[in-house]
Amino acid sequence: VFLAGNGPSGICLSYLLSGYIPYFKKDSLHPHPILQRKLEEAPGVSILDQDLEYLSEGLEGRSDSPVALLFDTLQRPDTDFGGTAESVLSWWHEARRAVPHLVLGRNAPGGAWHSIEGSVVSLSRGEWMGLPDLPFKDWLKQNRRGLRNNRATAEDIAQYYQYYVMKKGLQKNFRCGTVVTSVRKMSVESISSCTQKDLQEDSDSLWGFNEKSTEVFQVDGFYKTVEGDKEPFSIYAENVVLATGTYDSPTWLGVKGENLCYVHHQLSALEEAVKNNSIGIMSDPVLIVGAGLTAADAILFAHHCNIPVIHVFRRRVSDPGLIFNQLPKMMYPEYHKVYQMMKEQSAACAGPYECYISLPEHHVLSFGKDKKCILQDKDGYQKVYKVSMALVLTGSNPNLSFLPNNGIDLAMDSDQPVNPKRNPIDVDPFTYECTQEKGLYALGPLAGDNFVRFVQGGALAAASSLLKKANKNPP
């Protein structure tokens, strides 16, 4: 099995494929009585070998994936009600059930968490960032770290994922500093006999190869060597798991001048500009486009540095779809501060916040070479603002350029690009195998699971399916 992506989804699946098997803990009591009864029906049978559809039936929660809800409630039984009940799972290492697999990623284990500014705090509660059988809060305690308002920093999360891989002995399955450039299905016959001979001698290139297979995936890419060279590789695998997340390609507005050097699509550009003293208190305002949490992080950062901000977003401030309306005030005070600014400090009426102007129901028409941006409101009136830099922070899309047709054929709507919120890859909800391509699996945001606590259910479903295929079921 070949896994593209070494974030939380890839790490969790690697743990399950390494022969770590979850069982219902003897004498445990789950607060969900119907699930408790079902778990008691087969006490000696691992969760991976049970009927996941049957177990997850009737569960409700903050995810649309039944298996995500199942695995989450087994690990954190009453967490949505503020409870701290222990996991009802016990984990056994059954080496004979391990499935050979390889996990490739650009960064160290943890994926995109290594690309996020270290001081940024997670949206989710800290304990929800943990992976199976090693609670995040235990790691924090061990490292004398704490949570901020029940939330964790990106730096701590990234370090925890690296520690998890080492502690669980998974590192032999991980190859970091690798980029996948192509995943293609081909017939076994089309692999030349010479190549097949080479592959048998080089076991690193052959993953889960069954002699009866008629089709396999060829995975091409390159390793980045210490010297900075690119060393190409080709791997053949019967099953490929896509777990590359969505952090790769920031969304562009598609307007004139968006490629000018003062227009950026990542928050790190603002941090860099402040560090270099290229913008400061006396600069022209920074234009921030977007009404999500990354845009809010940029506003908070600029506010902290006393840098003036013009904030442009398409929605009404009262729109219930705004993320701020879905976050509890007590847990997210800093985001509610931004929301308050958005409501109270419009260009039409001055509010109590200096160095910030909110422009709801506006959009960017163009970016000029002279750093003048033309904005338009809902009635068609245009305004021109001179800025020092512009940040377009309207979300990001997965980069699936290594798949035929950018993976569009695999999406729920095969006429539109894959998007984690609006158009995820179409997968079987109980195996996470792509409905359009057998042997190809998708996990995490690519399959519509956007939170760490819920991506693990997809790993459970995929592991269950892959163990059955590899005939690694218990006798």
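Computed from a prediction, not measured in an experiment: that's the story for all the values here. (Residues numbered from 1 in each chain as written. Predicted model: local features only at pLDDT ≥ 70, side-chain atom pairs only at ≥ 80, totals over all residues. Heavy atoms only, no water.)

A. Expanded view of the side chain of S63. Along the chain, the position of S63 falls in the loop between helix 3 (52-56) and helix 4 (66-75). At 3.0 Å, the side chain of S63 and the backbone nitrogen of S65 are in polar contact. In contact with S63, other than residues within four places in its own chain, are A68, L69, D449 and F454. (Helix = DSSP H or I, 4+ residues; strand = E, 2+ residues; numbered from the N terminus. Polar contact = N/O pair within 3.5 Å; in protein donor to acceptor, adjacent residues only side chain to side chain. Contact = heavy atoms within 4.5 Å.)

B. Just the domain arrangement of the chain, in detail. Domain boundaries in the chain define domain 1 (2-175 + 397-470) and domain 2 (252-394). The C-alpha centroid of domain 2 is placed 34 Å from the C-alpha centroid of domain 1. Listed by partner, the interface residues are eight residues for domain 1 and ten residues for domain 2. Both faces considered, domain 1 and domain 2 share a buried interface measuring about 690 Å² in area, 55% of it formed by carbon and sulfur atoms. R151 is paired through a salt bridge with E334; the nearest N and O atoms lie 3.0 Å apart. Between the two partners, domain 1 and domain 2, sit one residue pair in polar contact (both at pLDDT 80 or more). Residue composition of the side of domain 1 that touches domain 2, by class: three nonpolar, two polar and three charged. (Domains from an automatic or database assignment. Buried area = accessible area lost by both parts, 1.4 Å probe. Salt bridge = Lys/Arg side-chain N within 4 Å of Asp/Glu carboxyl O. Nonpolar A, V, L, I, M, F, W, Y, C, P; charged D, E, K, R; others polar.)

C. Structural detail: the pattern of salt bridges. Here the structure, examined in full by the defined rule, presents 15 salt bridges. One salt bridge connects R125 with E127, and the closest N-O pair in it is separated by 3.0 Å. For E127, a relative accessible area of 25% translates into the label partly exposed. Among the ionic pairs, K469 bridges to E433, the shortest N-O distance being 3.0 Å. Placement of K469 in helix 11 (residues 452-469) and of E433 in the loop between strand 20 (396-397) and strand 21 (440-442) is noted, with a sequence separation of 36 residues between them. Look at K469 and you get partly exposed, because its relative accessible area is 40%. When its relative accessible area of 11% is taken as the criterion, E433 is described as buried. (Buried < 20%, exposed > 50% of the residue type's maximum accessible area, 1.4 Å probe, protein only.)

D. Spatial organisation of unusual backbone geometry. One non-glycine residue, N277, lies in the positive phi region at around 60 degrees. Relative to the elements of secondary structure, N277 occurs in the loop between helix 8 (268-275) and strand 13 (286-289). Here N277 falls in the exposed class, since its relative accessible area comes to 68%. At Y432, a residue that is not glycine, the phi angle is positive and equals roughly 65 degrees.

E. Fine view of the sheet that holds strand 1 (residues 2-4). The five strands lie next to each other as 5-4-1-10-21, forming an open sheet whose pairing is parallel. A strand with exactly one partner marks an edge of an open sheet, and here the two such strands are strand 5 (174-176) and strand 21. Here the average twist between neighbouring strands, direction ignored, is 20 degrees. Direction of pairing for strand 4 (residues 102-105) relative to strand 5: parallel, over a ladder of three bridges. Looking across to strand 5, one finds that V103 is bridged to F174. Across the sheet, helix 1 (residues 8-17) lies against strand 1, strand 4, strand 5 and strand 10 (240-242), angled at about 165 degrees from strand 1, the strand it touches most. (Pairing = 2+ DSSP bridges. Axes fitted to C-alpha atoms, helices over the stretch in contact; angles between N-to-C directions.)

F. Inspection of the sheet that holds strand 13 at higher detail. Taken together, five strands build an open sheet; the order of strands is 12-19-13-14-15 and the sheet is parallel. Sheet topology places strand 12 (263-264) and strand 15 (356-359) at the edges, where each strand pairs with a single neighbour. In this sheet, strand 19 (residues 389-392) lies alongside strand 13 in parallel orientation, the contact comprising four bridges. Its bridge partner lying in strand 19, I288 is registered against L391.

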